[in-house]
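Report on the structure
Here's the letter readout for the chains.
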Amino acid sequence: MIDRDRFPVDPWRLVETRYSEDGVGETLFGVGNGYLGLRGNHIEGRGAHEHGTFINGLHETWPIRHAEQAYGFAEVGQTIVNAPDAKVMRVYVDDEPISFDDADVREYRRTLDMRTGVLERVVVWETPSGKRVRIRDERIVSFEERHLAVLRLEVVVENSDAPVTVSCQLLNRQDGAGVYAGTPAEAKGAGFDPRKAEKIAERVLEPAEHWQDGLRSALSYRVAASGMTVAVVADHVVETENEYSARTLIEADIAKNVFRVQAKAGVPIRITKLVSYHTSRGVPPRELVDRCRRSLDRVVVEGVDEQFRRQEAWLAAFWERSDVQIGGRDDLQQATRWCLLQLAQASARADGTGVAAKGVSGSGYSGHYFWDTEIYVLPFLTYTSPQWARNALRARVLMLPAARRRAAQLNEAGALFPWRTINGEEASAYYAAGTAQYHINADVSFALGKYVRATGDEEFLRREGADIAIETARLWATLGFWRSSADAGETFHIHGVTGPDEYTTVVNDNLYTNVMARYNLRYAAKVVQEIHDVFPDDYAQLVERTGLMPGEAAEWERAAAAMFIPYSDALGIHPQDSLFLEREVWDLAHTPREQRPLLLHFHPLVIYRFQVLKQADVVLALFLQGNHFSAEEKRADFDYYDPLTTGDSTLSAVVQSIMAAEVGYQDLALEYFEQSIFVDLHDLHHNAADGVHVASAGGVWTALVCGFGGMRDYGGELSFDPRLPADWPSLSFPLQWQGSSLRVTVTRGELRMQVFSGPPVPFTVRDTAYIASVDDEVVVPLPDQGPIIAGRPTLRQFEGARRDDGTRLSASVPVITTAIPVIEVED
């Protein structure tokens, strides 16, 4: 659990009371805006897990070398680049730097204020000669100014005169070595973990223009293989009544602006560092340097204080439309707000690039975009900041040309979105758990449909979004195939795919894939028909863009209607795929903790032989397409799959929480929720140092609103069936729904909806219809919080259970059962 002496509870701030250089702190105290991210490294710029400055989309490419090559394998890898580091503002007193290893630190506090967006650190340090030095530094990455970071430093020698030096630096850590490296050397070979970023041995950032002019310094580079360009320019503002001088140093990989101050006792030294970053996929570095200069010129005119005021105002508006309030639990309130802030920091100014799995908080997962964005992050964006959701969907529109090429390469029509990517090309070297996850097509289409239903943005759908629906449906139409039987008639099947559960790969008729593909096909057919009927001019343009043929939509509807949905009569559940139930059951309850997560301790072939899940698969389908399953089916499926789910993926606990709440395991729902909300703050998966689990943070919002708040939007209709935890007095959350701003509050005895602006909002609570409006708040009595089932599902349910073929289910843990004989050889 989290150390509350070090991290005290505060509903609006994350506070650290003891110094640390661990990577988790760097992640927790990072600041960003979706384009630019600064890890929570200390300004001294020394020890760190990863000295990180990350820009969304700035990447290097490299040839993937397969041990055995085959046609269609991904050929070019992509990994995020560590941009030049501007965080260093090193302080020397009496020519000695502060070293936290042996410094006499009298006071230390680091605070991330979630209302202002400011990261602040206060240190009081006493030198060996008795000089008491107070250092206060602040930083923001501006939400208003996409390319801007501001760092402020104040140094006061409180009880004596002393020479003080402040060395402000720009460093190319991507190609640095030793103390200048972005990642410590010992971390590079620290064991196998597929979740970490690749390391490139060759030089990545090739120097271009670099210069100093007065108090400004500039570095710029071209990325060696990808050809991208990046520039950073830093300006400095010095405010002090002390005498000082300035010196400079400029080289290709380092720029220094050094200020030597004759500090008088109690007289402050204030230095503000204004930093602008720009990147491009084709613009020359010199042009980017000019853009940085213009960005800084504007900030200088507006003033530094104005940037901090705008940051606070921006966040005030964000919290007004986003803040989920949990009554009586400040610890959960703090963690919830931290998660929601991370979503803003990962997506707010992505502006047409994707939302990476780690946002811009670290190099984990190589800075790639996954299906996580559409299923776990887009719901929050859609219901709180719809423009950000639109921007994220536009990133997928921009990937369509590459997705069409990828589909053709795999002998399919339409488009196939990459499982992991930065530049739109598939970057997964392991096709079984990568390219085979065709469900990403349906996930993107699902997010599109949810966005359009919730916002009413039909213009985006007609102009760009429909292309996604059409091209993804085309892929399912050719990937799937028809079978006929006397019993079932004609059925449509999808073979050779991997669902969300990466512990079961390349299977036939994965339930999640089939259910979501069915949605995709129906949605595409519906969109085409509506545009055809109502907007003939837009339809003509759509046909021109996509080559849509008469009859295509009808075939999609036919395939959807005949989609095969696996079901076991003997067990009364939906099998995860056609052969899932034939596997042996993995006994997770008796698996040693030191062998978790399984992916780091067992060969994939061992895992693939068992009924064991990395993350929710069928259970995720039950949530996303819950209107196609009965309450009894949901309960049976949850009871079966929950004991088989390892939770080795951070994407799992939020979904398990939502469905546990719906079917009645309310204590279990809260347990899973707390696992998800503290996944980074408690470092529950031991990899928070690599960056924020952004999708899990998005899932926290969904677990609160859809799990405990009971909100659903099936078919574009807003409904509620709350499941408020027993020890929560209340839960309140805002929503943006079809042009209206509203807030829903749930207590033990009622659900209340207030509409603050926009048209009236029709909704249902447990199948009873209501309409709320600006003039008419609706209060709905709640006799209870839904069904309550004690405990949790266990493997005991398998005792005596038999498959459809009559064979008995049994559970075990894979072990070496035969000793390797020792052969003695005579001399």
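The rules behind each value
Residues numbered from 1 in each chain as written. Predicted model: local features only at pLDDT ≥ 70, side-chain atom pairs only at ≥ 80, totals over all residues. Heavy atoms only, no water. Helix = DSSP H or I, 4+ residues; strand = E, 2+ residues; numbered from the N terminus. Expected span 1.5 Å × (residues − 1). Bend = angle between axes of the 7 residues up to and from the residue. Axes fitted to C-alpha atoms, helices over the stretch in contact; angles between N-to-C directions. Parallel < 35°, antiparallel > 145°, perpendicular 65-115°, else oblique. Left-handed = near helix turned anticlockwise from the far one by under 90°. Contact = heavy atoms within 4.5 Å. Nonpolar A, V, L, I, M, F, W, Y, C, P; charged D, E, K, R; others polar. Pairing = 2+ DSSP bridges. Buried < 20%, exposed > 50% of the residue type's maximum accessible area, 1.4 Å probe, protein only. pLDDT = per-residue confidence, 0-100. Phe/Tyr/Trp six-rings, centres within 6.5 Å; stacked < 30°, edge-to-face > 60°. Polar contact = N/O pair within 3.5 Å; in protein donor to acceptor, adjacent residues only side chain to side chain.

1. Observations regarding helix α7 (residues 386-409)
Compared with the 34 Å implied by 1.5 Å per residue over 24 residues, the 34 Å span of α7 between its first and last C-alpha is a close match. Where α7 bends most, the angle comes to about 50 degrees, and this point is Leu400, followed within four residues by the proline Pro401.

2. Quick word on the packing of helix α17 (residues 666-677) against helix α18 (residues 694-708)
Put simply, α17 and α18 touch, their axes get as near as 9 Å, and they point 155 degrees apart. Considering the angle they form, α17 stands roughly antiparallel to α18. In this structure, α17 meets α18 at a crossing whose hand is left-handed. Facing α17, whose interface residues are Ala669, Leu670, Phe673, Ser676 and Ile677, α18 presents Ser696, Val700, Ala703, Leu704 and Phe708. By residue class, the composition of the contact of α17 with α18 is 8 nonpolar, 2 polar and no charged.

3. Some thoughts on the sheet that holds strand β3 (residues 36-38)
Spatial ordering of the open sheet is given by β2-β3-β4-β5, a layout of 4 strands whose pairing is antiparallel. Lying at the two open borders of the sheet, with one neighbouring strand each, are β2 (31-32) and β5 (76-82). Of the pairings in the sheet, the one linking strand β4 (residues 53-63) to β5 comprises 6 bridges and is antiparallel in character. Within β5, the residue paired with Glu60 across the bridge is Thr79.

4. Details of the pairing of strand β12 (residues 162-171)
The buried fraction of β12 amounts to 9 of the 10 residues, a majority that puts the element mostly inside the structure. Where β12 lies against strand β17 (residues 254-263), 10 bridges are found, and the strand directions are antiparallel. Paired with Val166 across the strands is Phe259, a residue of β17.

5. A closer look at the side chain of Asn391
Among the secondary structure elements, Asn391 is positioned in helix α7. Excluding residues that lie within four positions of it along the chain, Asn391 makes contacts with Asp351 and Gly352.

6. Examining the confidence of the model for the protein
In low-pLDDT regions, the fine details of the predicted coordinates are not to be read closely. Here the protein averages 95 in pLDDT, while 96% of its residues score no lower than 70. Every residue in residues 185-190 scores below 50 in pLDDT, and together they form 1 contact with partners more than four places removed in sequence or on other chains.

7. Quick word on the packing of aromatic side chains
Evaluated as defined, the whole model comprises 34 aromatic pairs. Judged by centre distance (4.0 Å) and plane angle (5 degrees), the ring pair of Phe143 and Trp314 falls under stacked. Taken as a pair, Phe143 in the loop between β10 (132-141) and β11 (148-157) and Trp314 in helix α4 (residues 304-322) lie far apart in primary sequence, 171 residues in all. Residues Phe143 and Trp314 agree in their burial class; the two are buried. Ring geometry for Phe580 against Tyr641: centres 5.9 Å apart, planes inclined by 45 degrees, an arrangement best described as tilted. Here Phe580, found in the loop between α12 (552-561) and β22 (584-586), pairs with Tyr641, found in helix α15 (residues 631-641); they are 61 residues apart in sequence, far enough to count as distant. What makes Tyr641 buried here is its relative accessible area of 1%.

8. Some points on the side chain of His574
With respect to the helices, strands and loops of the structure, His574 is situated in the loop between α12 and β22. Overall, His574 belongs to the buried group, its relative accessible area being 5%. At a separation of 2.8 Å, a polar atom in the side chain of His574 contacts the side chain of Asp637. If we ignore the near neighbours within four places in the chain, the residues touching His574 are Leu511, Ile565, Pro566, Tyr567, Val618, Phe629, Glu633, Asp637 and Tyr641.

9. Re helix α16 (residues 652-663)
Along its 12 residues, α16 runs 17 Å from first to last C-alpha, staying within 8% of the 16 Å computed at 1.5 Å per residue. Counted residue by residue, α16 has 12 buried out of 12 residues, so it is predominantly covered. Within the span of α16, buried status applies to Ser652, Ala653, Val654, Val655, Gln656, Ser657, Ile658, Met659, Ala660, Ala661, Glu662 and Val663. Elements in contact with the buried residues of α16: α6 (372-384), α14 (618-624), α15, α17, α18 and β24 (711-712).

10. Here's the deal with the sheet that holds strand β23 (residues 610-611)
The 3 strands lie next to each other as β23-β22-β32, forming an open sheet whose pairing is parallel. Strand pairing shows two members of the sheet lacking a second neighbour, β23 and β32 (811-812), which therefore form its edges. Sheet topology note: the β22/β23 ladder contains 2 bridges and is parallel. Opposite Glu584, over in β23, you have Phe610 as the bridge partner.

11. Focus on unusual backbone geometry
At the junction of Arg596 and Pro597, the peptide bond is cis and its omega measures out at -5 degrees in the coordinates. Locating Pro597 in the fold gives a position in the loop between β22 and α13 (604-608). A positive phi is found at Ser366, a non-glycine position, where the angle reads about 60 degrees. The phi dihedral of His686 falls on the positive side, at around 60 degrees, and the residue is not glycine. Relative to the helices and strands, His686 resides in the loop between α17 and α18. Assessed through its relative accessible area of 70%, His686 is described here as exposed.

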